[in-house]
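Analysis of the macromolecular model
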Amino acid sequence: MAAFLKSIKRQYLIVFCILLIVYSVSFLCFSFNTVSSDINNVASQDAATFAGSLSCMGCHKDIYETHIKTAHYHTSAIASDKSIKGSFKDGQNRFRYNKFMEVAMEKKADSFFQTAYVSGTEYQREQFGVVIGSGRKGQTYLYWKGNELFQLPVSYYVPAHSWCNSPGYPATMIYFDRPIKSRCVECHGTYASYEENANSATLFDQNSIIYGVDCERCHGPSSKHVQYHTQHPGEKKGMFVINAKLLSRQQRMDACALCHSGFRKEVKPPFSFAVGDKLEDFSLPNYNTDSSSWLDVHGNQYGLLTSSKCYITSANMDCSSCHNVHKEEINNPKLYSTRCMNCHNEASHNFCTLTPAKGLNLADNCIDCHMPALPSKKIFLQMAETGAADLVRTHRVAVYKEQSDTFIAKLKKKK
Ligand code: HEC
Ligand code: HEC
Ligand code: HEC
Ligand code: HEC
Ligand code: HEC
Ligand code: HEC
Ligand code: HEC
């Protein structure tokens, strides 16, 4: 039994690590400039044009208070007691590679370290600097060497509550040398000023980094907006800020696809893209857009949704048709089902055609039948030997007969 559990845990770790490889191998690039459309003449982006979410609180209190609880807001942070999810307690703070090599997670005053030991002798010690990942699924950690960022050898996998070897790292050696490029921060943060030196190392301006996917990642730098409305409290129209309602559907989709369309080919450098721009000018999809069959269910919500009949047939559907990104709404199938029923209901004669079994209330949960959590194909392939795969919520909305039957069977069992 113990061996079985151990093997499951190992599978988790492998899945996690593959997940992270998937995230990190090939990523897109964008650049920050001007907003292409004529939306109130939003200024170009440099550190001084950002106001920070705290400054929004006074006038957008409700949004602010729910936003700071989201996975977006927490997706990167300066390392601290609060942001690091793994345990530093004795007995839980080690990751062993083999008999001779281990890494200990150590806390000294307010600082946190990963220390590598080889045959009991300290070999290298680096300080946790930056945390990537809110801790829904996992976290990875970075350390500073001058103005460069490197990944620490040990990451954390949340479902197993366990430290693990970092993504794509060798199993037989403790590795501290993987440099972190700006595209990682582009998807997991709001802003970073950086330059590349002659050796193509990325040098960050540490103080410029705005951690987390914050308000201004989606609405554009807003210091002018804050200043204007502070000085003109009677103004009812939002000035100097991007109004999502004036954007086209493709512009709104691109604002999310920047980070939610999986692997893309870089055209322009990270942090070039601004909301309102056309994503295709900054990076290109890396898959054949005509064929959805092999689109992976992981990380490419954009590709999967845009291949669904819901999206193709309706003129206005976008990510906000189902998500209120200002709020943490995950694990609430009933709420999501109300979003489906905004378009699909008895009155509009396009409601579910399934004849409900006894005791089944369709309206409670459209999603486990039409957007089931499916094993990730890409991850599965790479794990063919063990046969375990990560489950992700597919964004290809369709009829899934098999999953529907399973769902009904599960309901019957509960009764
Ligand atoms: C001094 C008050 C004030 C502050 C501070 C403020 N806003 Fe606003 N904001 C307004 C007003 C007034 C409107 C227009 C009415 C509305 O939509 O609520 C507005 C509208 C908006 C809109 C909608 C634009 C539209 O036309 O629909 C966005 C987006 C926005 N603000 C973002 C922000 C962000 C991000 C921050 C913080 C960086 C911020 N605001 C700080 C007063 C403020
Ligand atoms: C193209 C954008 C993009 C890039 C580049 C990117 N990520 Fe991610 N990452 C995401 C998205 C989107 C998710 C959430 C995916 C989902 O749930 O489907 C995510 C999830 C994660 C998670 C899991 C978070 C959690 O708790 O669920 C970790 C850890 C992570 N990324 C680390 C990294 C690291 C480290 C890098 C750079 C080496 C990186 N990512 C680069 C977009 C990106
Ligand atoms: C992940 C992207 C994202 C983040 C982060 C984000 N927003 Fe929004 N926001 C949107 C989108 C998309 C809309 C338009 C929603 C719609 O079409 O109904 C919107 C709409 C708004 C509006 C106008 C409509 C309304 O609901 O009143 C305001 C004001 C606003 N956001 C403020 C903020 C503030 C303040 C923050 C941070 C505390 C924030 N947003 C964070 C994406 C985001
Ligand atoms: C700058 C990159 C970026 C942008 C832009 C972005 N996201 Fe995300 N999103 C992420 C990352 C990274 C995660 C994973 C956060 C984590 O858990 O660490 C995520 C997670 C999510 C989640 C899962 C939240 C949860 O609690 O499980 C949803 C839903 C989501 N994003 C929707 C959207 C929508 C809709 C938009 C566009 C309005 C958008 N995102 C724009 C990077 C981004
Ligand atoms: C913005 C409106 C809109 C929303 C929101 C929406 N749909 Fe649809 N959906 C459509 C349209 C339009 C079609 C195609 C025409 C039709 O069948 O009515 C469609 C088609 C479908 C189909 C048939 C797919 C196929 O391949 O034959 C299913 C199943 C479906 N939707 C389920 C859902 C579920 C479940 C949700 C919520 C998670 C949802 N829809 C949300 C508009 C929407
Ligand atoms: C038809 C409704 C619908 C639309 C449109 C939609 N989503 Fe979702 N999304 C969902 C549902 C339902 C879930 C699962 C919620 C849960 O598990 O509780 C989800 C979950 C997610 C997650 C978490 C994934 C995971 O497996 O943990 C991300 C990230 C996400 N959506 C991003 C997006 C983005 C980006 C878009 C636009 C390209 C989008 N969604 C459009 C319904 C939708
Ligand atoms: C128990 C699983 C289950 C639930 C719950 C469920 N559906 Fe369905 N749905 C199905 C199946 C299976 C079909 C195909 C039925 C058939 O063969 O006619 C279907 C058909 C549909 C269709 C027509 C698809 C087409 O081919 O045009 C739509 C639209 C739809 N469902 C929407 C919804 C919405 C919206 C909800 C939530 C209010 C929902 N469904 C809840 C299983 C389910």
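Residues numbered from 1 in each chain as written. Chains lettered and ligands numbered in written order. Predicted model: local features only at pLDDT ≥ 70, side-chain atom pairs only at ≥ 80, totals over all residues. Heavy atoms only, no water.

Attention shifts here to the overall build of the protein chain. Summing up its helical and strand segments, the protein chain has 12 helices and 18 strands in all. Looking at the protein chain as a whole, 43% of its 415 residues are labelled buried. Sequence-distant contacts in the protein chain: of pairs separated by 6 or more residues, those separated by 24 or more amount to 59%. Surface summary for the protein chain: the accessible area is close to 22,700 Å², and the carbon and sulfur share equals 56%. (Helix = DSSP H or I, 4+ residues; strand = E, 2+ residues; numbered from the N terminus. Buried < 20%, exposed > 50% of the residue type's maximum accessible area, 1.4 Å probe, protein only. Contact = heavy atoms within 4.5 Å. Areas by Shrake-Rupley, 256 points an atom, 1.4 Å probe, with all protein chains shown as cover.)

In the vicinity of ligand 6 lie 22 residues, with Cys319, Cys322, His323, Asn331 and His395 positioned nearest. Take His323: an N or O atom from its side chain is 2.8 Å from a nitrogen atom of ligand 6. Interatomic distance of 3.2 Å between a backbone N/O atom of Arg393 and an oxygen atom of ligand 6. For the shell around ligand 6, the secondary structure elements donating two or more residues are helix H6 (249-260), helix H7 (301-306) and strand E18 (391-393). Looking at side-chain class alone, the shell around ligand 6 contains 12 nonpolar, six polar and four charged residues. (Near = heavy atom within 4 Å. Polar contact = N/O pair within 3.5 Å; in protein donor to acceptor, adjacent residues only side chain to side chain. Nonpolar A, V, L, I, M, F, W, Y, C, P; charged D, E, K, R; others polar.)

Attention shifts here to the coordination of the iron atom of ligand 6. Protein ligation of the iron atom of ligand 6 involves His323 (NE2) and His395 (NE2), the donor distances falling in the range 2.0 Å. The coordination sphere of the iron atom of ligand 6 comprises six donor atoms, whose angles at the metal cover 87 to 179°; the geometry is octahedral. With His323 in the loop between helix H8 (309-313) and helix H9 (333-341) and His395 in the loop between E18 and helix H12 (401-414), this residue pair connects regions lying 72 residues apart in the sequence. (Donors = N, O, S within 2.8 Å, 3.2 Å for Na, K, Ca; no water. Tetrahedral: all angles 85-135°; square planar, octahedral: opposite > 155°, others 65-115°.)

Right, let's talk about the coordination of the iron atom of ligand 7 for a bit. In this structure, Cys352 (SG) and His370 (NE2) serve as the protein donors to the iron atom of ligand 7, at separations of 2.0 to 2.3 Å. In this structure, the iron atom of ligand 7 is surrounded by six donor atoms whose angles at the metal cover 87 to 178°, and the resulting shape is octahedral. Of this pair, Cys352 sits in the loop between H9 and helix H10 (367-370) while His370 sits in helix H10, and the two are 18 residues apart along the sequence.

It is worth spelling out the site of ligand 7 at this point. Around ligand 7, the surrounding shell holds 20 residues, and the nearest of these are Cys352, Thr353, Cys366, Cys369 and His370. For the shell around ligand 7, the secondary structure elements donating two or more residues are H9, H10 and H12. The element that contributes the greatest number of residues to the shell around ligand 7 is H12, accounting for four residues. Of the residues contributing to the shell around ligand 7, the split by class is 13 nonpolar, six polar and one charged.

Looking now at the sheet that holds strand E4 (residues 111-118). Across the sheet, which stays open at both edges, the four strands sit in the order E2-E3-E4-E5 with antiparallel pairing between neighbours. Edge positions in the sheet fall to strand E2 (94-96) and strand E5 (121-127), since each of these pairs with one other strand and no more. Averaged over all neighbouring strand pairs, the angle between strand axes comes to 20°, with direction disregarded. With eight bridges joining them, strand E3 (residues 101-108) and E4 adopt antiparallel strand pairing. Each residue of the ladder has a partner; that of Lys107, found in E4, is Phe112. (Pairing = 2+ DSSP bridges. Axes fitted to C-alpha atoms, helices over the stretch in contact; angles between N-to-C directions.)

Our focus in this paragraph is unusual backbone geometry. Phi angles above zero are rare outside glycine, and Ser119 is one such case at about 45°. Note that Ser119 resides in the loop between E4 and E5. At Ser200, a residue that is not glycine, the phi angle is positive and equals roughly 50°. Along the polypeptide, Ser200 turns up in the loop between strand E12 (194-196) and strand E13 (202-204).

This next bit is on the packing of aromatic side chains. Counted according to the given criterion, the structure contains 18 aromatic pairs. Judged by centre distance (6.0 Å) and plane angle (55°), the ring pair of Tyr141 and Trp163 falls under tilted. Of this pair, Tyr141 sits in strand E7 (residues 138-145) while Trp163 sits in strand E10 (residues 162-165), placing them 22 residues apart in sequence. Every member of this aromatic cluster is reached through a ring pair, and the members are Phe50, Trp144, Tyr191, Tyr194, Phe204 and Phe271. Positioned above the aromatic ring of Phe113 is the side chain of Arg125, whose terminal nitrogen or guanidinium carbon lies 5.5 Å from the ring centre. (Phe/Tyr/Trp six-rings, centres within 6.5 Å; stacked < 30°, edge-to-face > 60°. Lys NZ or Arg CZ within 6 Å of the ring centre and 35° of its normal.)

So, on to the side chain of Glu329. Within the element layout of this structure, Glu329 appears in the loop between H8 and H9. Judged by its relative accessible area of 9%, Glu329 is buried. Looking at Glu329, its side chain comes within polar contact range of the side chain of Arg339, at 2.9 Å. Not counting the four nearest positions on each side in its chain, Glu329 is found in contact with Cys322, His323, Asn324, Leu335, Tyr336 and Arg339.

Here the focus is the pairing of E3. Taking burial as the measure, the eight residues of E3 include six buried ones, the bulk of the element. Of the strand pairs in this sheet, E2 and E3 are connected by three bridges, and their pairing is antiparallel. Bridging across to E3, Phe95 finds its partner in Val103. The turn joining E2 and E3, which pair antiparallel and follow one another in sequence, is formed by four residues. As consecutive antiparallel partners, E3 and E4 are separated by two residues, and within that stretch Ala109 has a phi angle of approximately 55°, a positive value.

Overall, the coordinates contain 11 salt bridges when judged by the stated rule. For Lys61, the salt bridge identified is with Glu65, shortest N-O distance 3.4 Å. Note that Lys61 and Glu65 are positioned in helix H2 (residues 61-67) at a spacing of four residues, about one turn of the helix. Taking the relative accessible area as the measure of exposure, Lys61 reaches 46% and is therefore partly exposed. For Glu65, a relative accessible area of 33% corresponds to the partly exposed category. Here Asp318 makes a salt bridge to Arg252, at a shortest N to O gap of 2.1 Å. Taken as a pair, Asp318 in the loop between H8 and H9 and Arg252 in helix H6 lie far apart in primary sequence, 66 residues in all. On the basis of relative accessible area, Asp318 is assigned to the buried category, the value being 6%. Among the charged side chains, a network of salt bridges with common partners joins Glu106, Lys108, Glu122 and Arg125. (Salt bridge = Lys/Arg side-chain N within 4 Å of Asp/Glu carboxyl O.)

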